[in-house]
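Descriptive analysis of the structure
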Amino acid sequence: MTYEDFLELVKKRRSIRRFKPDPLPDDYVEKIIEAARWSPSGANSQPWEFVVVKDRDTKEKIGEWFQEAAELSSRVENTRDSEMRHSSANSNVARPGFIDAPVLILLCGDLRTREVYPLASMLTRADKIFYSSLASAFLYMHLAATTLGLASRWVSSTANTLPQARIKNLLGIPKEFEIYDTMALGYPASAPRPRFVRERQGMVHREKFDKSIYRNAQQLREFIIKVHNPNAPAGK
Ligand SMILES: Cc1cc2nc3c(=O)[nH]c(=O)nc-3n(C[C@H](O)[C@H](O)[C@H](O)COP(=O)(O)O)c2cc1C
């Protein structure tokens with residue numbers, strides 16, 4: 001594989017939020033999990049466990065709890081300066097699109113694996129290492145899905161306190177496991193949203209931190225507005 005092939009894959013991976021209900025070939029989920037198994041993790045702790053959900057009723061339940069969390073989040077978002085609001089401020093969708101996906105993969109982490117870290121890390125940076133390890137596995141899963149021509153979405157609200165507790169209870173996930181995030185997986189029924197990607201020259205510091213590219217408060221505000229609305233004029 002060349003760098004160009006790799007970059008093409010990286011650019012091709014996008015978040016898709018609506019899915020066709022068509023089932024996936026049997027081995028696709030295994031292939032995606034196989035990729036995650038090789039992900040780097042802090043001290044090789046391999047905290048991951050994968051709960052694969054295809055059952056319609058379970059997906060509906062998860063969707064219902066997600067929606068409740070989304071409504072709460074929308075009310076919080078609406079307390080913000082209107083220009084700065086994230087799209088989650090408009091939670092007028094009756095039903096989240098991801099529950100039509102034929103498969104959900106809940107990536108869980110075993111909190112006990114933090115014992116694998118060196119003691120100094122365990123005492124000071126355990127959470128960082130734990131979540132970074134899960135994030136790297138999750139990213140591998142999304143990239144693997146892209147190579148298989150599938151659409152995927154990173155659903156993080158399933159990790160919020162209330163949905164997390166409800167889902168763990170429904171699926172019998174033991175208390176020493178935490179749901180990191182949920183991957184919705186299937187064939188796309190919508191195009192990805194426009195995306196704003198920062199320019200490389202605004203983020204690379206050669207030898208020392210280059211203060212000439214430091215973003216002041218106004219520039220950062222413009223950046224946030226632009227991320228939330230890629231059609232906005234400014235932002236870097
Ligand atoms: C840590 C993390 C959490 C995310 N949570 C969500 C989420 O809850 N819902 C969602 O639709 N997308 C979620 N995303 C996807 C981002 O919104 C998306 O990656 C970003 O907007 C860039 O778009 P792209 O993935 O199409 O390149 C998440 C991504 C990351 C890395």
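Positions within a chain are numbered from 1, following the residues in the order the chain's sequence is written. Thresholds applied to this predicted model are a pLDDT of at least 70 for local features of residues and 80 or more for the giving and counting of side-chain atom pairs; totals over whole chains, interfaces and linings are not thresholded and use all residues.

What to know about the overall build of the protein
Runs of H or I in DSSP of at least four residues are treated as helices and runs of E of at least two as strands, each being numbered from the N terminus. Across its full length, the protein carries seven helices and five strands. Overall, the protein shows an N-to-C arrangement of helices and strands of α-β-α-β-α-β-α-α-β-α-β-α. Over its C-alpha atoms the protein spans a radius of gyration of 19 Å, differing by no more than 12% from the 18 Å that the globule rule assigns to 236 residues. A principal-axis box enclosing the C-alpha atoms of the protein has dimensions of 50 × 45 × 40 Å. Across the 236 residues of the protein, 23% fall into the buried class. A fraction of 80% describes how many contacts in the protein between residues 6 or more apart in sequence connect residues 24 or more apart. We compute the radius of gyration from the C-alpha atoms alone; for a globule the expected value is 2.2 Å times N to the 0.38, where N is the number of residues. Think of it as a crowd count around each C-beta: if 20 or more other C-beta atoms lie within 10 Å the residue is buried, if 12 or fewer it is exposed, and in between it is partly exposed, with C-beta placed from the backbone throughout. We call two residues in contact when their backbone-placed C-beta atoms lie within 7 Å.

Things to note about the nonpolar core
Only buried residues count toward a nonpolar core: Ala, Val, Leu, Ile, Met, Phe, Trp, Tyr and Cys, linked into one set through C-beta atoms within 7 Å. Core analysis: the largest hydrophobic core is formed by 36 residues, its most contacted members being Ile105, Leu107 and Met141. Breaking this core down by element, the ones donating at least two residues are helix 2 (28-37), helix 3 (56-77), strand 3 (103-110), helix 5 (126-147), strand 4 (151-155) and strand 5 (177-188). It is helix 5 that contributes the most residues to this core, eight residues altogether.

Quick look at the domain arrangement of the protein
Note: domain ranges come from an automatic or database domain assignment. With domains assigned, the protein is organised as domain 1 (3-193) and domain 2 (194-236). Inter-centroid distance (C-alpha atoms) of domain 1 to domain 2 is 27 Å. Listed by partner, the interface residues are seven residues for domain 1 and five residues for domain 2. For this classification, Asp, Glu, Lys and Arg are treated as charged, while Ala, Val, Leu, Ile, Met, Phe, Trp, Tyr, Cys and Pro are nonpolar and the rest, including Gly, are polar. The class makeup of the residues in the side of domain 1 that touches domain 2 is two nonpolar, two polar and three charged.

Digging into unusual backbone geometry
Of note, the phi angle at alanine 43 is positive, near 55°, even though the residue is not glycine. The residue alanine 43 is located in the loop between helix 2 and strand 2 (48-53) in this model. On the basis of neighbour count, alanine 43 is assigned to the partly exposed category, with 15 C-beta atoms found within 10 Å. Phi at glutamine 46 takes a positive value of approximately 45°, unusual for a residue other than glycine. Mapped onto the secondary structure, glutamine 46 falls in the loop between helix 2 and strand 2. By C-beta crowding, glutamine 46 is classed as partly exposed, having 19 other C-beta atoms within 10 Å.

Thoughts on the environment of aspartate 100
With respect to the element layout, aspartate 100 can be found in the loop between helix 3 and strand 3. Residue class for aspartate 100 comes out partly exposed when judged on the 18 C-beta atoms lying within 10 Å of it. When neighbours within four sequence positions are excluded, aspartate 100 is seen to be in contact with Phe19 and Pro21.

Some words on the packing of helix 3 against helix 6 (residues 161-171)
In the contact formed by helix 3 and helix 6, the axes pass within 9 Å of each other and the chain directions differ by 165°. In terms of orientation, helix 3 and helix 6 fall into the roughly antiparallel class. Seen from above, helix 3 lies across helix 6 with right-handed handedness. Two secondary-structure elements touch here, helix 3 through Thr58, Lys61, Ile62, Trp65, Phe66 and Ala69 and helix 6 through Leu162, Pro163, Arg166, Ile167 and Leu170. The residue inventory of the contact of helix 3 with helix 6, partitioned by class, reads eight nonpolar, one polar and two charged. The convention used is that axes are lines fitted to C-alpha atoms, helices contributing only their stretch in contact, and that angles between N-to-C directions extend from 0 to 180 degrees. Throughout this description, any angle smaller than 35 degrees is read as roughly parallel, any larger than 145 degrees as roughly antiparallel, any in the 65 to 115 degree range as roughly perpendicular, and the remainder as oblique. Crossing chirality is assigned from the near helix's rotation relative to the far helix, an anticlockwise turn below a right angle marking it left-handed and a clockwise turn marking it right-handed.

Some words on the environment of glutamate 64
If you trace the backbone, glutamate 64 turns up in helix 3. The exposure class of glutamate 64 is partly exposed, given the 14 C-beta atoms found within 10 Å. For the pair glutamate 64 and aspartate 181, spaced 117 residues apart in sequence, the C-alpha separation works out to 16 Å.

Structural notes on the site of the ligand
The rule is simple: place the C-beta atom from the backbone, and if it lies within 6 Å of a molecule or strand, the residue is near it. Every residue near the ligand is listed here: Arg14, Ser15, Arg17, Arg153, Trp154, Val155, Ser156, Ser157, Pro192 and Arg195. Here the residues of the shell around the ligand sort into three nonpolar, three polar and four charged.

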